[in-house]
Amino acid sequence: QVQLQESGPGLVKPSQTLSLSCTVSGGSVSSGGYYWTWIRQRPGQGLEWIGHIYFTGSTSYNPSLKSRVTISVDTSKNQFSLTLSSVTAADTAVYFCASGIPRWFDPWGQGTLVTVSS
Amino acid sequence: DIRVTQSPSSVSASVGDNVTISCRASQGLSSWSAWYQQKPGKPPKLLIYAASSLQTGVPSRFSGSGSGTTYTLTISSLQPEDFATYYCQQANSFPLTFGGGTRVEMK
């Protein structure tokens, strides 16, 4: 049974780059069938799909974030990662990693709060 | 982007009530829709996918229906653990988008 766990800094300064990792256990990021996905939830708000990566390396991003987002896979660590550049306070959110099967999400990581503040 | 509108935004109900939540998309979804339950401080949990398929392990009191642009989540005989926020999601086209959520509160 696949389980996911996010990790990374909880505080990022404005204009800097947010970097998070998601460790996959009980499965392999190299196996087909899963779209490794990042989703965020701003405080008190709904859910926003950020993007995903497939085991082939193919990616898809939300156009609203595309210019600032990169999702990558590290097969040696069985992880996938999110980088979001030039962050502002509007990027403050709980960031979830999830596996897309293929376009609905199960399971999800527990989520990690990232605050953008100086 | 496909806009997803949920209604109502909140509903007050009692244990044993039947609760219905609606989701309307700005374009047809061809049944590419899903429903999630989220409790405070927890990640969303997949309940229904492909409009009406029950995810493994989800109680049968949850059911989904719909087609085209309109989809419905029904909770039959609400249980204490069902008080939560529910989200619908469209999976028909990218970017994937979610509704604004429906909070099911205790009456």
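Residues numbered from 1 in each chain as written. Chains lettered and ligands numbered in written order. Predicted model: local features only at pLDDT ≥ 70, side-chain atom pairs only at ≥ 80, totals over all residues. Heavy atoms only, no water.

J.: Quick question: what am I supposed to make of the overall build of chain B here?
T.: Scanning chain B from terminus to terminus reveals zero helices and eleven strands. When the helices and strands of chain B are placed in sequence order, the string is β-β-β-β-β-β-β-β-β-β-β. Relative to its length of 107 residues, chain B is compact, with a C-alpha radius of gyration of 13 Å against a globular reference of 13 Å. By principal-axis analysis of the C-alpha atoms, chain B measures approximately 35 × 25 × 25 Å. Here chain B, with 107 residues, has 46% of them falling under the buried criterion. Restricting to contacts in chain B with at least 6 residues of sequence separation, those with at least 24 account for 55%. Counting every atom, chain B has about 4800 Å² of accessible surface; 45% of that belongs to carbon and sulfur. (Helix = DSSP H or I, 4+ residues; strand = E, 2+ residues; numbered from the N terminus. Rg over C-alpha atoms; globule rule 2.2 N^0.38 Å. Buried < 20%, exposed > 50% of the residue type's maximum accessible area, 1.4 Å probe, protein only. Contact = heavy atoms within 4.5 Å. Areas by Shrake-Rupley, 256 points an atom, 1.4 Å probe, with all protein chains shown as cover.)

J.: Honestly, the overall build of chain A in this entry has me stumped. Any pointers?
T.: For chain A, the helix and strand inventory stands at zero helices and eleven strands. Compactness check: chain A gives a C-alpha radius of gyration of 13 Å against a globular reference of 13 Å for 118 residues, within 12% of the reference. Each of the three principal axes of chain A carries a C-alpha extent, and together these read 40 × 25 × 25 Å. Burial status across chain A gives 45% buried among its 118 residues. Taking as baseline every contact in chain A between residues at least 6 positions apart, the subset at least 24 positions apart corresponds to 53%. Accessible area of chain A: about 5200 Å², with a carbon and sulfur share of 48%. Distance between charge centroids for chain A: 8 Å, based on 7 positive and 5 negative side chains. (Lys, Arg positive; Asp, Glu negative; His and termini not counted. Charge placed at Lys NZ, Arg CZ, Asp CG, Glu CD.)

J.: For this particular structure, what's the right way to read the interface of chain A and chain B?
T.: Many authors give the size of an interface as the accessible area that is lost as the parts come together. On the side of chain B, 21 residues touch chain A, which itself brings 20 residues to the contact. Here chain A and chain B share an interface that buries about 1800 Å² over both sides, 67% of which is from carbon and sulfur atoms. Of all residues in chain A, L47, R103 and W104 of chain A give up the largest surface area on contact with chain B, accounting jointly for 42% of the area buried on that side. Across the contact surface, chain A and chain B share zero salt bridges. The interface formed by chain A and chain B includes seven residue pairs in polar contact (both at pLDDT 80 or more). (Buried area = accessible area lost by both parts, 1.4 Å probe. Salt bridge = Lys/Arg side-chain N within 4 Å of Asp/Glu carboxyl O. Polar contact = N/O pair within 3.5 Å; in protein donor to acceptor, adjacent residues only side chain to side chain.)

J.: How should I be thinking about the layout of surface pockets in this particular structure?
T.: Each pocket or cavity is described by its volume, and for the largest pocket that value is around 500 Å³. Elements that contribute at least two residues to the lining of the largest pocket include exactly β9 (93-100) of chain A together with β9 (85-90) and β11 (102-106) of chain B. With three residues, the single largest contributor to the lining of the largest pocket is β11 of chain B. For the lining of the largest pocket, a count of residues per class yields nine nonpolar, eleven polar and four charged. Computed from the structure, the second largest pocket encloses a volume of approximately 290 Å³. Surrounding the second largest pocket, Q1, V2, Q3, L4, Q5, D106, P107, W108, G109 and Q110 of chain A together with P43 and P44 of chain B form its lining. Of all elements in the fold, only β1 (3-7) and β10 (105-108) of chain A reach the threshold of two or more residues within the lining of the second largest pocket. Grouping the constituent residues of the lining of the second largest pocket by class yields six nonpolar, five polar and one charged. (1 Å grid on protein atoms, 1.4 Å probe; cavity = no way out; pocket = protein on both sides within 12 Å on 5 of 7 lines; lining within 4 Å. Points joined across faces, edges and corners; volume = space filled by probe spheres on them. Nonpolar A, V, L, I, M, F, W, Y, C, P; charged D, E, K, R; others polar.)

J.: Just to check I follow, could you spell out the sheet that holds β1 of chain A for this structure?
T.: Within a sheet, adjacent strands bond to each other through the backbone by hydrogen bonds, running parallel or antiparallel. All names here are of chain A. Strand order in this open sheet of four strands is β1-β3-β8-β7, and the pairing throughout is antiparallel. Strands at the two margins of the open sheet, each flanked by one partner only, are β1 and β7 (69-74). Across this sheet, the average inter-strand angle for adjacent strands is 20°, counted without regard to direction. (Pairing = 2+ DSSP bridges. Axes fitted to C-alpha atoms, helices over the stretch in contact; angles between N-to-C directions.)

J.: Looking at this structure, how should I read the nonpolar core?
T.: Side chains of nonpolar character tend, in soluble globular proteins, to be buried together. The biggest cluster of nonpolar side chains holds 25 residues, and the ones touching the most others in it are L18, W36, W38, V69, F80, L82 and Y95 of chain A. Going through the elements one at a time, β3 (18-25), β4 (35-41), β5 (47-53), β7, β8 (79-84), β9 and β11 (112-116) of chain A are the ones with two or more residues in this core. Examining the composition of this core, we find that four residues originate from one element, β3 of chain A, more than from any other. When sequence neighbours within four positions are dropped, the list of residues in contact with V69 of chain A reads I50, Y61, L82, T83 and L84 of chain A. In terms of nonpolar packing, the next biggest core, distinct from the first, is built from 23 residues, I2, A13, I21 and L78 of chain B among them. (Core = buried A, V, L, I, M, F, W, Y, C linked by side-chain atoms within 4.5 Å.)

Keep in mind these numbers describe shape, not what the thing actually does.
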